[in-house]
Amino acid sequence: MLPKFSHIRPTSIREALAVLEEKDGLIHAGGSDLIGCLRDGVFTTDTLVSLGSIPELSGITASADGGIKIGAMTTISEIADNEAIGSGYTALADAAKVVASPQLRNQGTIAGNLCQKPRCWYYRGDFDCLRKGGEICYAYSGENQYHCIFGGDMCYIVHPSDTAPALAAHGAICRVSSPSASRSVAVEKLHVSPSVDPQREVVLEDDEIITEILVPKPPSGLRSSYRKIRARASWDFALAGVALALVFDDDTVTSARVFLSGAAPIPWRAKGVEKVITGTKLEAATIEDAALAAVTGAEPLAENGYKIELFRGLMAEQLEAIRG
Ligand SMILES: Cc1cc2nc3c(=O)[nH]c(=O)nc-3n(C[C@H](O)[C@H](O)[C@H](O)COP(=O)(O)OP(=O)(O)OC[C@H]3O[C@@H](n4cnc5c(N)ncnc54)[C@H](O)[C@@H]3O)c2cc1C
Ligand code: SF4
């Protein structure tokens, strides 16, 4: 059952920030994740501050540097259908198309997708686990087939967003406003590792709003992609996902940004893969080495060892596909 809360609908960013400064409220975008968490008692609040009546937060426009600006309240469907994103930022378009179901893509926003809460069933259920302020992680010695193989420390979630690894691969930056200042946070630095703080998902303060996401101009020779493997063919979160943004000069990879989803509590940068493939023509032997590098250092839990082969195979297939 939903708890009682007041619902405030400011009509400008300034007004929303003033409300957040005055009250201990939560930001409400599409509500597709937030309302479920409130209904299931994962956390509670006295006040929701809706961003739904602030037109300046929506839409996709060209930015001065030749890149694009995506308003925080832009829906995932708008991103999936946008022509400029489809032609210049394939990884992001691919990711947006595989988020949840059509209904959820129409409701969910890009900032909400980046800031969504983990799907760990203990966290979502009736367990007072470490992330909810309790003493222990129930997943560590419990049901952990969907949990992380990298970056686990006290808490073993995987970050659920498909768009976060794609945006990180494209080098995107969030513009963030608080009542006193504005700042930029690279999507790559937005999420918090459990080793830093197992109770926070993002580096944002409670009174900070993501206002827009800036994705830089695609470099000449960019080829990018995102693909995830899921348990059910229809809609589901990633068991394993790979976002690639590789810059080619003819057949040679001159730079690479590679992020994994379904692997770690944050979008996981696969630096080992980047190192193996940069300066190569993605020959068969290089791809084999890169696939191995993708899983080197992984620390699977009792029930998720299958992810090693999944990531290895997926990385190899994605590199072969992008080589063409
Ligand atoms: C059944 C189901 C399946 C799903 N499958 C997938 C999937 O396959 N892949 C995937 O990526 N996602 C998936 N999702 C998650 C879904 O995409 C997110 O729920 C959605 O994107 C969140 O957007 P929203 O606008 O509804 O956010 P809300 O639910 O309104 O908010 C989510 C969080 O973000 C915060 N927030 C929202 N906007 C801002 C802002 N501008 N600044 C700061 N904080 C903000 C809120 O305070 C809240 O903590 C699924 C969700 C469901 C319910
Ligand atoms: S993995 Fe994290 S969210 Fe899940 S039970 Fe453990 S501490 Fe809680």
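Residues numbered from 1 in each chain as written. Chains lettered and ligands numbered in written order. Predicted model: local features only at pLDDT ≥ 70, side-chain atom pairs only at ≥ 80, totals over all residues. Heavy atoms only, no water.

Student: Quick one: what's the story with the overall build of the chain, residue by residue and with numbers?
Tutor: Looking only at helices and strands, the chain has 12 helices and 12 strands in total. By the compact-globule yardstick of 20 Å for 324 residues, the chain fits well, its C-alpha radius of gyration being 19 Å. For the chain, the C-alpha atoms occupy an extent of roughly 60 × 50 × 35 Å along the three principal directions. Relative to all contacts within the chain whose residues are 6 or more apart in sequence, the contacts with residues 24 or more apart total 64%. Working note: accessible area of the chain is about 14500 Å², and carbon and sulfur atoms make up 50% of it. Taken as two groups, the 31 positive and 40 negative side-chain charges of the chain have centres that lie 2 Å from each other. (Helix = DSSP H or I, 4+ residues; strand = E, 2+ residues; numbered from the N terminus. Rg over C-alpha atoms; globule rule 2.2 N^0.38 Å. Contact = heavy atoms within 4.5 Å. Areas by Shrake-Rupley, 256 points an atom, 1.4 Å probe, with all protein chains shown as cover. Lys, Arg positive; Asp, Glu negative; His and termini not counted. Charge placed at Lys NZ, Arg CZ, Asp CG, Glu CD.)

Student: Give a detailed account of the pattern of salt bridges, specifying residues and quantitative values.
Tutor: Applying the stated rule across the entire model yields 11 salt bridges. The closest approach of N and O atoms between aspartate 40 and arginine 39, which form a salt bridge, is 3.2 Å. Taking relative accessible area as the criterion, aspartate 40 reaches 41% and is therefore assigned partly exposed. Note that lysine 117 and glutamate 201 form a salt bridge whose closest N and O atoms lie 2.8 Å from each other. Linking lysine 117 in the loop between α7 (110-115) and α8 (121-124) with glutamate 201 in the loop between β7 (182-186) and β8 (209-215), this pair joins segments that are 84 residues apart in sequence. Assessed through its relative accessible area of 8%, glutamate 201 is described here as buried. Overlapping salt bridges bring together Glu188, Arg257, Arg269 and Glu274 as one network. (Salt bridge = Lys/Arg side-chain N within 4 Å of Asp/Glu carboxyl O. Buried < 20%, exposed > 50% of the residue type's maximum accessible area, 1.4 Å probe, protein only.)

Student: Outline the site of ligand 1, supporting the account with residue identities and numerical values.
Tutor: Inspection of the region around ligand 1 gives 32 residues, with Ile27, Gly31, Ser32, Thr109 and Asp162 positioned closest. Separating an oxygen atom of ligand 1 from a backbone N or O atom of leucine 34 is a distance of 2.7 Å. Contacts to ligand 1 include lysine 228, whose side-chain N or O atom sits 2.9 Å from an oxygen atom. Protein contacts shield 93% of the accessible area of ligand 1, which totals 980 Å² for the unbound molecule. Listing elements by their share of the shell around ligand 1, those giving two or more residues are β2 (26-28), α7 and β8. (Near = heavy atom within 4 Å. Polar contact = N/O pair within 3.5 Å; in protein donor to acceptor, adjacent residues only side chain to side chain.)

Student: Residue-level account of the environment of serine 58, with values.
Tutor: Along the chain, serine 58 turns up in the loop between β3 (47-50) and β4 (60-62). Each C-alpha atom of the pair serine 58 and glutamine 199 lies 29 Å from the other, and the pair is 141 residues apart in sequence.

Student: Can you explain the site of ligand 2? Please cite residues and give values.
Tutor: Lining the immediate environment of ligand 2, one finds 13 residues, of which Cys120, Cys129, Cys137, Cys155 and Tyr156 sit closest. Grouping the amino acids of the shell around ligand 2 by side-chain chemistry returns 11 nonpolar, 1 polar and 1 charged. (Nonpolar A, V, L, I, M, F, W, Y, C, P; charged D, E, K, R; others polar.)

Student: Which residues make up the packing of helix α11 (residues 284-295) against helix α12 (residues 306-323), and what values do they have?
Tutor: Taken N-terminus to C-terminus, the directions of α11 and α12 make an angle of 145 degrees; their axes are 8 Å apart at the nearest point. Two packed elements cross with a definite hand, and for α11 against α12 that hand is right-handed. Of the residues in α12, those in contact with Ala284, Ile287, Ala290, Ala291, Leu292, Ala294 and Val295 of α11 are Ile308, Phe311, Arg312, Met315, Ala316, Leu319, Glu320 and Arg323. Of the residues contributing to the contact of α11 with α12, the split by class is 12 nonpolar, no polar and 3 charged. (Axes fitted to C-alpha atoms, helices over the stretch in contact; angles between N-to-C directions. Left-handed = near helix turned anticlockwise from the far one by under 90°.)

Student: Describe unusual backbone geometry, and please don't skip the residues or the numbers.
Tutor: Non-glycine residue methionine 154 carries a positive phi angle of around 75 degrees. The residue methionine 154 is located in the loop between α8 and α9 (163-169) in this model. On the basis of relative accessibility, which here comes to 39%, the residue methionine 154 falls in the partly exposed class. With a phi close to 55 degrees, leucine 282 is a non-glycine residue in the positive phi region. Residue position: leucine 282 is located in the loop between α10 (271-277) and α11.

Student: Account for the sheet that holds β3, with residues named and values stated.
Tutor: On the basis of which strands lie adjacent, the open sheet formed by 3 strands has the order β1-β3-β2 and parallel pairing. Edge positions in the sheet fall to β1 (6-8) and β2, since each has one partner strand and no second. Adjacent strand axes in the sheet meet at a mean angle of 30 degrees when their direction is disregarded. Pairing between β1 and β3: 3 bridges, direction parallel. (Pairing = 2+ DSSP bridges.)

Student: Break down a nonpolar patch on the surface for me, citing the residues and quoting the values.
Tutor: Taken together, the side chains of Trp121, Tyr146 and Tyr306 present a nonpolar region at the surface, about 300 Å² in accessible area. Within the secondary structure, tryptophan 121 sits in helix α8. For tryptophan 121, a relative accessible area of 36% puts it in the partly exposed group. (Patch = residues over 30% accessible without salt bridge, like charges linked within 9 Å, V, L, I, M, F, W, Y side chains within 5 Å.)

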